[in-house]
Amino acid sequence: EKGGWPSFMSKEVSEEPEAIANTLRGRINNGAVEIPELDGLDELFEGISRVVVIACGTAAYAGQVGKYAIEQWARIPVDVELAHEFRYRDPVIGPDTLVVSISQSGETMDTLMAVKFARERGARTLSICNTQGATIPRESDAVVYTHAGPEVAVASTKAFVAQIAALYLLALHVARVRGTMSAQAIAEQVGELEEVPAKIQRILDTESPRIAELAHWMADTRSVLFLGRHVGFPIALEGALKLKEISYIHAEGFAAGELKHGPIALIEPGQPVFVIVPSPRASALLHSKVVSTIEEIRARGARVIAIAEEGDAAVLPTADEVLRIPLAAPLIEPLLAVVPLHLFAMGLSTAKGLDVDQPRNLAKSVTVE
Ligand code: M6R
């Protein structure tokens, strides 16, 4: 079943390009987004004043990435909430709220209970799910499936990138229904999305050996930090979660701008820090801020591994290692930047001789609250 791969996770990371291509397939027509599952469901999006995304773990990080796209493209405020937190407070939701749940398995009890709770409060519900006919989509008004294929490894990888792709399709669909984007602007983003599978493939082909080597040298590391800004922030959180899950190494993700508000105190000589560097083409300001963050932590002895776009020379004098991703539009970058982090977590787990697919204490699907 592993098709010659040493683990399900390695197979599933190698399938990230395909997971995205399959999620886009049949939903794009001549630069326009046409999601058959949402045909005739325009009223689901009419008159909504906010979107609340509910999910757990990696799916919640996909939701955090999706927030940037839904707000930017469809101009609706989005809150992303952990399902188990949402469910046990008194949220302000009602018929004007679209609750979007995200779940690979479609069986996560925390998320399911939150969806039921949202429906009881009169909210409209849409689920993004990877498992046909699972409980969460059955309990929702609408579903947009990710077509990542079965994911076996406990650590979610190809489902994560497929969830982001599905959220982007949804954001563009809602942008059209609400008239917040021109057909041409939508077509440009669609074009960018269609290029993602080949770009991920390039990262897998060119960076895998170096990342495995890096992970090998870091096998005794006790703690790794991840920094990002904007859409790079949820990617930092995802990088940290993957490392905790399968390498049992203390890892934390931070918004890079938050560093001086506390976390910089953690930086001591030799501390490995992954930094996701945004493209200078999209925002010179954001880029320069991240480059100065690298300088600040390096001055305190951090060992910096930057993830930066091809040709970004500003990171060369500042970072210890630079992992490259192809050029892409700003909202596409997270789909690329996460790939080295998935490879790194897998490499480190392998270097430590651990069971990559079945980490201790964890189940693939958490069906208890
Ligand atoms: O099946 P779900 O997407 O609802 O699962 C949610 C989380 O349990 C899941 O993403 C978990 O965080 C993964 N093990 C992360 O790699």
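Please read these numbers as outputs of a predicted model, since none were measured by experiment.

J.: I'd like a rundown of the sheet that holds strand 8 (residues 223-228), residues and numbers included.
T.: With parallel pairing, five strands are arranged side by side in an open sheet as 9-8-10-11-12. Taken across any chain shown, the strands that pair with only one partner, and hence form the sheet edges, are strand 9 (250-255) and strand 12 (321-325). Averaged over all pairs of adjacent strands, the angle between their axes in this sheet comes to 20°, without regard to strand direction. In this structure, strand 8 lies alongside strand 10 (residues 272-276), joined through three bridges in parallel fashion. Across the sheet, Leu227 pairs through a bridge with Val275, a residue of strand 10. Packed onto the sheet, helix 9 (residues 196-217) meets strand 10, strand 11 (303-309) and strand 12 and runs at close to 160° relative to strand 12. Of the strands in this sheet, strand 8, strand 10, strand 11 and strand 12 touch helix 12 (residues 333-351), which is tilted by about 130° from strand 12.

J.: Any details on a negative patch on the surface? Residues and values, ideally.
T.: A grouping of Glu34, Asp39, Asp42, Glu43 and Glu46 is seen on the molecular surface, where their side chains present a negatively charged patch. In this structure, Glu46 sits in the loop between strand 2 (32-33) and strand 3 (50-55). Judged by relative accessible area, Glu46 falls into the partly exposed class, the value being 47%.

J.: So what about the pairing of strand 10? Which residues, and what values?
T.: The element strand 10 is largely enclosed, with a buried count of five among its five residues. Side chains Pro272, Phe274 and Ile276 of strand 10 all project onto a buried face; the interleaved residues Val273 and Val275 project onto the opposite face, where all are buried too. Note that strand 10 and strand 11 share five bridges and pair parallel. Residue pairing across strands places Val275 opposite Ala306, the latter belonging to strand 11. Each parallel crossover has a hand, and the one from strand 10 via helix 11 (residues 284-299) to strand 11 is right-handed.

J.: Account for the side chain of Glu238, naming residues and giving values.
T.: Secondary-structure assignment places Glu238 in helix 10 (residues 232-247). Side-chain polar atoms of Glu238 contact the side chain of His342, separated by 2.8 Å. Apart from residues no more than four positions distant in its own chain, Glu238 is found in contact with Thr58, Tyr61, Ser156, Phe160, Val338 and His342.

J.: An account of the sheet that holds strand 7 (residues 142-145) is requested, with residue identities and associated values reported.
T.: Taken together, the five strands give an open sheet; going across it, the order is 4-3-5-6-7, and neighbouring strands pair in parallel fashion. On the outer flanks of this sheet lie strand 4 (78-82) and strand 7, each paired with one strand and no other. On average, each strand axis in the sheet is inclined to that of its neighbour by 20°, with strand direction left out of account. In the sheet, strand 3 pairs with strand 4 via five bridges, with the strands oriented parallel. Opposite Val52, over in strand 4, you have Asp79 as the bridge partner.

J.: Run through the packing of helix 8 (residues 183-194) against helix 9, naming residues and quoting values.
T.: For any two helices packed against each other, one specifies the inter-axial angle together with the distance between the axes. Look at helix 8 against helix 9: their axes get within 5 Å of each other, and the N-to-C directions meet at 35°. Each of Glu192, Leu193 and Glu194 in helix 8 lies in contact with helix 9, whose residues at this interface are Val196, Pro197 and Lys199. Split by residue class, the contact of helix 8 with helix 9 holds three nonpolar, no polar and three charged.

J.: Any details on the site of the ligand? Residues and values, ideally.
T.: As a structural note, the neighbourhood of the ligand is formed by 14 residues, with Ser103, Gln104, Ser105, Thr108 and Glu245 the closest of them. At 2.5 Å from an oxygen atom of the ligand is found a side-chain nitrogen or oxygen belonging to Thr108. Within the side chain of Lys242, a nitrogen or oxygen atom sits 3.1 Å from an oxygen atom of the ligand. Computed on the free molecule, the ligand has an accessible area of 410 Å², of which 91% lies beneath the protein chains in the complex.

J.: Tell me about the pattern of salt bridges, residues and numbers included.
T.: Taken as a whole, this structure holds 17 salt bridges when the rule is applied. Across the salt bridge formed by Arg119 and Asp141, the nearest N and O atoms sit 3.6 Å from each other. Residue Arg119 is located in helix 5 (residues 109-120), and its partner Asp141 is located in the loop between helix 6 (135-138) and strand 7; the two are separated by 22 residues in the primary sequence. Residue Arg119 is classed as partly exposed on the basis of its relative accessible area of 36%. Here Glu238 and Lys242 are joined by a salt bridge, their closest N and O atoms 2.6 Å apart. Within this pair, Glu238 and its partner Lys242 are both found in helix 10, separated by four residues, close to a single helical turn. Accessibility classification places Glu238 together with Lys242 in one group, the buried group.

Calculation rules
Residues numbered from 1 in each chain as written. Predicted model: local features only at pLDDT ≥ 70, side-chain atom pairs only at ≥ 80, totals over all residues. Heavy atoms only, no water. Pairing = 2+ DSSP bridges. Helix = DSSP H or I, 4+ residues; strand = E, 2+ residues; numbered from the N terminus. Axes fitted to C-alpha atoms, helices over the stretch in contact; angles between N-to-C directions. Contact = heavy atoms within 4.5 Å. Patch = residues over 30% accessible without salt bridge, like charges linked within 9 Å, V, L, I, M, F, W, Y side chains within 5 Å. Areas by Shrake-Rupley, 256 points an atom, 1.4 Å probe, with all protein chains shown as cover. Salt bridge = Lys/Arg side-chain N within 4 Å of Asp/Glu carboxyl O. Lys, Arg positive; Asp, Glu negative; His and termini not counted. Charge placed at Lys NZ, Arg CZ, Asp CG, Glu CD. Buried < 20%, exposed > 50% of the residue type's maximum accessible area, 1.4 Å probe, protein only. Right-handed = clockwise from strand over helix to strand, strands pointing away. Polar contact = N/O pair within 3.5 Å; in protein donor to acceptor, adjacent residues only side chain to side chain. Nonpolar A, V, L, I, M, F, W, Y, C, P; charged D, E, K, R; others polar. Near = heavy atom within 4 Å.

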